[in-house]
Amino acid sequence: MSQLDQLPDRDPEEVAEWRASLDAASDFGGAHRAAHLLRRLVEHAELRRLDVPPLLDTPYVNTIPTGAEPGFPGDEAIERRITAWNRWNAAAMVTRGNHRGGLGGHMATYASAAWLYEVGFQHFFRGKEADGSGDQLYVQGHAAPGVYARAFLEGRIGEAQLDRFRQEAGGDGLPSYPHPRRLPWFWEFPTVSMGLGPLSAIHQARFNRYLTARGIKDTSGSHVWAFLGDGEMDEPESTAALALAAREGLDNLTFVVNCNLQRLDGPVRGNGKIVQELERQFRAAGWNVVKSLWGEAWDDLLARDTTGALVRRLGKVPDGQFQTYAASDARYVREHLFQSAPELRAIAETVDDQRLLEIVATSRAGHEPRKVYAAYRAALEHRGAPTVVLVQTVKGWTLGPGFEARNANHQMKKLSGAEFRAMRDLLELPIPDSALTGELVPYAHPGPDSPEARYLRERRAALGGPAPARRVRFTPLPEPPAKPFEALLKGSGTQEIATTMAFVRLVKDLMRDKATGHRWVPIVPDEARTFGMESLFPSAGIYSPLGQTYEPVDRDQLLHYKESATGQILNEGITEAGSMASLTAAATAYATHGEPVIPFYIFYSMFGWQRTADQMWALADQLGRGFLIGATAGRTTMTGEGLQHADGHSQLIASTNPAALSYDPAFGYEVAVIVREGLRRMYGSSPQHPHGEDVFYYLTVYNEPLPQPPLPTGTNVTDATDATDITDITDITDGILRGLYRYRPAEPSPDGDAPRLQLLASGTAARWALAAQQLLGEDWGVAADVWSAPSWTELRREALDCDAANLAQAAAGTGAAARVPYVTRALAGAPGPVLAVSDWMRAVPDQIRPWVEQDWTSLGTDGFGLSDSRDAARRHFGVDAQSITVAALAALARRGEVKAETVRQAAERYGVRF
């Protein structure tokens, strides 16, 4: 039985005749001939636009035959000389660095991919001078030396700077890989954390379409190019968004996969065929696939393959074996590649040994500019789907037999003098032997007025300026209106709202602003309803290039689901990695396209930093700006969700990222103050930062509905006499942003001699501290001041800055007054011990311990989460109000300010066990 038997067939006899024809072709022409006929028919059906399933793989030959290649538009001879200079200088830069300091570097990757880049730079990659956007280039990280070498030939980088490759500490050095933060005028995208480049490139291409659809900027002229290694495609992130790219028809995107068949330690698919595997994967996802495998020298052999034996043999040889062919002599190649069939032997006998080696060992499409140009042109001309170019090269090509196709070449960091001389001869460079006698091989340049240099300048001028290049054309955004913030500053009265909802309401109001509201980019991984964002669906719409081609099931409801071609929300589906990639594209639009937008990505806090911290590090490298919102935060606040939803550590992970300003607000007014400051710092202009600051914000917000108090009035100082000289601690707003302020002082005791202590809390734990303040006063006669600590991390960073400045002053002997950290000054003279508590592991508040002069104790939620009510979970971790009360009494007992017996009594009274 066939699956098709369940469908009516109006002419079964016709079907039978077609079957009989195929049987005859197989019986008389052989199975291979029948298969060839079927492939031809399917190919023809696709051209006729018939609805047939596409083939998932094609023969192991070039997609574009030599006879169908377009004319090469450049001066191939001069481009070969340019590429030769670049090859030499890339190898010289890495070799010189390793002779001097063993700094590492990679040569083999660029050696294999040189033409993949050069053809793009000469004929395809658009610069930013025309429209401020140009093309977006995701350069393979290990190929960076070749891109630096090209910039040297262009005059963008000098010889002295080449000699500071991987020597950044003294300034004016070149970063090892594409690092925008380290070389912000040059690199746009960090790519060496393998897998993130392809994922980011897809979402960048999609975001380009979003900008056009939203009317923010026409990016239809921009094309995204991502250069990848075949080994890199093993990273799950590399292929995670292939279906998205095809589904949204991103024909503004091209992947170029350098298939040199090698990864870092050996062959990519030693026992298989990585090119065929990738073709199947991309075709199945809906991509256009262009294979560019064999150089022109193969044409003669393939023309003699009248039976298809050679193509079949090439398709069956495993990659590991073909790598061996590339590094073997002619006898070995004849014996192992061509001896399995008479037809193959006959083909091999038509060429001598030298020619055979030229063909098998070095003739790859990736080393021939005409082949590369044809593949790129086909990619740009294809419409309706993204394209992947699978191009075959030899890793380490032109670096000599000790490098080419060798397993260890990724780790080989320098060439010998003899190898450089051989390379010079192969590349036909005019470098005399006398220049190669010293320990350090020289850089080589044809001269600023040479034909090569002029050609480079002319080509880049025709394409819109230099590339890669990062340009910041920053226009500050207008200051947002005060009204949306005032609503939170006034509090919610008796209405209970969670801080998650406070943030969503604030942004919803800000999105109504006529000046900047359209620049907000809400990003959510299919959890909008969890965060109370469904009210944005009908008003803002969910971006879809198709619009909405169906009637939503909730169409008759006020908050119906609405997709729109001009939608504002990026609802990514269940993919934190994809959401982060979208955030990164939006967070860097101020530089990539000269159009600042305000992205916020809201997610379950447990599934943000823990899962995608590598992308957040890349976001910092790319100098991204925006808001990360870790919603439903805390170890105990997600009622009943259990171990894998209970986040007690994302604030700690975030603290490791220097560009992340991490806050754990307790109240809605703190959210308002922090967001407003974030907008000012990232999207405003100041004398210190005329183009805004290259930071992003991480806010953890909670899903526990509680009445939100108004912003307190007064000053942020203790009532101790020795704290009155703190002139720069002025108000509550200042304390929120710095990370600490006194929220509620203790009630004065009647006799004035009650034991005192300081309770510091962040996030939802502030409510437990306030309840503990009441228990301590009413049940035990203890006076406690309650402080809100919106950012333990910012307190620590400022303290570290003070320590560094003091050390520098001491080393310089300036005699200047020592800087005192804010947290030390804020708590100066505050009586009693300090007890810090949060819904995070204790290491989060313990960040500030070295700068607190009082006795220190912390409580936290270390360990795994569990499913239960909030009250039960907090009692389990010992952070509820009663547990805080007992811990506070214990801290006072250690100082002799309450009796030890009091601690036991309190524990029994409240039923607390630690």
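Presented here is a report on the structure given in the accompanying data block. The shown structure was predicted, so the numbers you read here are calculated from the model rather than taken from an experiment.

Things to note about the overall build of the protein
When helices and strands are tallied, the protein shows 34 helices and 20 strands. Overall, the C-alpha framework of the protein stretches about 110 × 85 × 50 Å when taken along its three principal axes. Going through the 914 residues of the protein one by one, you find that 58% of them count as buried. Accessible area for the protein stands at about 37000 Å²; split by element, carbon and sulfur atoms hold 51% of it. Distance between charge centroids for the protein: 2 Å, based on 93 positive and 112 negative side chains.

Side note on the packing of helix H3 (residues 76-101) against helix H5 (residues 144-154)
The geometry of H3 relative to H5 is characterised by a closest axis approach of 8 Å and an angle of 120° between their N-to-C directions. By the angle between their directions, the pair H3 and H5 is classed as oblique. Here H3 runs over H5; the crossing is right-handed. Residue-level contacts link Ile82, Trp85, Asn86, Asn89, Ala90, Met93 and Val94 of H3 to Pro145, Gly146, Tyr148, Ala149, Arg150, Phe152 and Leu153 of H5. Classifying every residue of the contact of H3 with H5 gives 10 nonpolar, three polar and one charged.

Quick look at the sheet that holds strand S20 (residues 856-859)
Taken together, the five strands give an open sheet; going across it, the order is S16-S18-S17-S19-S20, and neighbouring strands pair in mixed fashion. Looking at which strands have only one partner, the edges of the open sheet turn out to be strand S16 (741-744) and S20. For this sheet the average axis-to-axis angle between neighbouring strands, irrespective of direction, equals 30°. The pairing of strand S17 (residues 756-761) with strand S18 (residues 783-788) spans six bridges and is classified as parallel. What sits directly across from Leu757, in S18, is Ala784. Sheet strands in contact with helix H33 (residues 881-894) are S17, strand S19 (834-837) and S20, and its direction is about 160° off that of S20.

Regarding the nonpolar core
Counting 86 residues, the largest nonpolar core has Phe627, Val675 and Leu759 as the members making the most contacts within it. Those residues in contact with Leu759 that sit more than four places away from it in its chain are Ala769, Ala772, Gln773, Leu776, Ala784, Asp785, Val786, Trp787, Leu835 and Ile884. If you look at the next biggest cluster of nonpolar residues, it comprises 68 residues, including Trp115, Phe121, Ala144 and Phe227.

A few points about the side chain of Ser492
As for its placement among the helices and strands, Ser492 is situated in the loop between helix H20 (483-489) and strand S6 (496-497). Owing to a relative accessible area of 17%, Ser492 belongs among the buried residues under this scheme. Within the structure, the side chain of Ser492 is placed 2.7 Å from the backbone oxygen of Gln495, a separation counted as a polar contact. Of the polar contacts made by the side chain of Ser492, one reaches the backbone nitrogen of Gln708; its length is 2.7 Å.

Concerning the sheet that holds strand S11 (residues 598-604)
In space, the six strands of this open sheet follow the order S10-S7-S11-S12-S14-S13, with parallel pairing throughout. Edge positions in the sheet fall to strand S10 (570-571) and strand S13 (660-663), since each has one partner strand and no second. Where S13 lies against strand S14 (residues 696-700), four bridges are found, and the strand directions are parallel. When the bridges of S14 are listed, Leu661 appears paired with Tyr697. Against the sheet, helix H25 (residues 609-621) touches S11, strand S12 (627-631), S13 and S14, its axis set at about 160° to S14.

Thoughts on the layout of surface pockets
Rolled over the atoms, a probe with the dimensions of a water molecule shows which regions are left empty. A volume near 760 Å³ is recorded for the second largest pocket. Surrounding the second largest pocket, 18 residues form its lining, Leu4, Glu14, Val15, Trp18 and Arg19 being those nearest its centre. Contributing elements (two or more residues each) for the lining of the second largest pocket: helix H1 (12-29) and helix H2 (31-47). For the lining of the second largest pocket, the leading source of residues is H1, giving eight residues.

Observations regarding helix H18 (residues 417-427)
Those residues of H18 that fall on the buried side of the exposure criterion are Phe420, Met423, Arg424 and Leu427. Down the axis of H18, the sector holding all buried residues measures 100°, keeping them to one side. Close packing links the buried residues of H18 with H3. Phi turns positive, to about 60°, at Glu428, one or two residues after H18.

What counts, and where the lines are drawn
- Residues numbered from 1 in each chain as written.
- Predicted model: local features only at pLDDT ≥ 70, side-chain atom pairs only at ≥ 80, totals over all residues.
- Heavy atoms only, no water.
- Helix = DSSP H or I, 4+ residues; strand = E, 2+ residues; numbered from the N terminus.
- Buried < 20%, exposed > 50% of the residue type's maximum accessible area, 1.4 Å probe, protein only.
- Areas by Shrake-Rupley, 256 points an atom, 1.4 Å probe, with all protein chains shown as cover.
- Lys, Arg positive; Asp, Glu negative; His and termini not counted.
- Charge placed at Lys NZ, Arg CZ, Asp CG, Glu CD.
- Axes fitted to C-alpha atoms, helices over the stretch in contact; angles between N-to-C directions.
- Parallel < 35°, antiparallel > 145°, perpendicular 65-115°, else oblique.
- Left-handed = near helix turned anticlockwise from the far one by under 90°.
- Contact = heavy atoms within 4.5 Å.
- Nonpolar A, V, L, I, M, F, W, Y, C, P; charged D, E, K, R; others polar.
- Pairing = 2+ DSSP bridges.
- Core = buried A, V, L, I, M, F, W, Y, C linked by side-chain atoms within 4.5 Å.
- Polar contact = N/O pair within 3.5 Å; in protein donor to acceptor, adjacent residues only side chain to side chain.
- 1 Å grid on protein atoms, 1.4 Å probe; cavity = no way out; pocket = protein on both sides within 12 Å on 5 of 7 lines; lining within 4 Å.
- Points joined across faces, edges and corners; volume = space filled by probe spheres on them.
- Arc of directions from axis to C-beta.

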